[in-house]
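Coordinates in review
So you can see what is in the structure, the chains are spelled out below.
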Amino acid sequence: MNKDIATPLRTRAILEKYGFTFKKSLGQNFLIDTNILNKIVDYAELTNESGAIEIGPGIGALTEQLAKRCKKVLAFEIDQRLLPVLADTLQPYPHVSIVHQDFLKADVYNEIRQHLEGIDDLAIVANLPYYVTTPIIMKCLQDHLPFRSMVIMMQKEVGSRIAAKPGTKDYGSLSIAIQYYTEAEIVMTVPKTVFIPQPNVDSAVVKLTKRKQPAVQVKDEEFFFKIVKICFAQRRKTILNNLISQLEQGKEKKERVQGALDRAGIDPSRRGETLAIEEFAQLSDELLADFHKS
Ligand code: SAM
């Protein structure tokens, strides 16, 4: 019986057998600690009826632990060189499907239909390539993929921004974009020593639990996200000044922005980082109404 993939010895043996060289440009830092992997999988709360979607299986360290705990695993890997490795390391787990695709370009619904048919409970679990963490998470959220929760290893600093609360230095448009769809929580910080090669940055595991409804109801989602971005455009500026400088030109813009802030009950001298998501929702609805009038 083989040892788990995620041990330093077995991982080195696999890398050597295939003469594998890491591609920094693909964010390849492989996990070599089974305890950490088990904790990640625990947070996904899988049962033997669940399906797991993984982005970037590498040599299969996390994939193997997922396979032990759920009914089916679907994993997207961009690097063709890893396909023969995965076919070898995951050979004991026929309920794992590896798809050779860039996750950002993949038709994920179609792959779910093909490989996870009939499974109602889906979790996304991944040790993400750090260079594309945000676009991958945003794709899962904006495409409304049918998952219950995401448990994601990422750069610690990005995790802090994602889970940040109003009034903190990390709070910004990324916090709001993700907390609009999910409840976000940092569940673990992870030392560099559990990866080969060791990354330059610290890591954290973030759990995103999908909300049944978005955190706030807004009249126009696109406009809401645009206003959030504008309010954080220059963090040291007040929301009034950010809105005046970034919104399209128009007659009496300052008065109209001030009127909308007034109706939303928001002090124009506040900074974006102090506004709760509900306040951004009120503000964008008021601005939308006002800007529609012109
Ligand atoms: N899951 C493995 C582990 O924990 O040891 C590997 C994680 S490594 C941080 C990231 C993996 O994502 C690499 O295998 C890399 O080739 C793959 N990858 C990078 N960009 C990708 C993309 N756009 N789509 C799918 N896989 C990608």
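Throughout what follows, the structure given in this document is the object of discussion. Every value quoted in this text rests on a predicted model; they were computed, and no experiment measured them.

**Structural notes on the site of the ligand**
- As a structural note, the neighbourhood of the ligand is formed by 23 residues, with L31, G56, E77, D102 and N127 the closest of them.
- In this structure, an oxygen atom belonging to the ligand sits 2.9 Å away from a side-chain N or O atom of Q28.
- Here a nitrogen atom of the ligand and a side-chain polar atom of E54 are 3.1 Å apart.
- Protein coverage of the free-state accessible area of the ligand, which is 600 Å², stands at 99%.
- Those elements giving two or more residues to the shell around the ligand turn out to be β1 (30-31) and β3 (72-77).

**Topic: helix α8 (residues 173-181)**
- Burial analysis of α8 places eight of its nine residues in the buried class, the great majority of the element.
- Along α8, the residues classified as buried are L174, S175, I176, A177, I178, Q179, Y180 and Y181.

**Quick notes on the nonpolar core**
- Among the nonpolar cores identified, the biggest contains 67 residues, and I162, F224 and L287 are the most heavily contacted of them.
- Counting the residues that make up this core, at least three belong to each of domain 1 (8-210) and domain 2 (221-291).
- Once residues within four sequence positions are removed from consideration, I162 is found in contact with I137, M154, L174, S175, I178, Q179, A184, V206 and L208.

Quick notes on the rules
- Residues numbered from 1 in each chain as written.
- Predicted model: local features only at pLDDT ≥ 70, side-chain atom pairs only at ≥ 80, totals over all residues.
- Heavy atoms only, no water.
- Near = heavy atom within 4 Å.
- Polar contact = N/O pair within 3.5 Å; in protein donor to acceptor, adjacent residues only side chain to side chain.
- Areas by Shrake-Rupley, 256 points an atom, 1.4 Å probe, with all protein chains shown as cover.
- Helix = DSSP H or I, 4+ residues; strand = E, 2+ residues; numbered from the N terminus.
- Buried < 20%, exposed > 50% of the residue type's maximum accessible area, 1.4 Å probe, protein only.
- Core = buried A, V, L, I, M, F, W, Y, C linked by side-chain atoms within 4.5 Å.
- Domains from an automatic or database assignment.
- Contact = heavy atoms within 4.5 Å.

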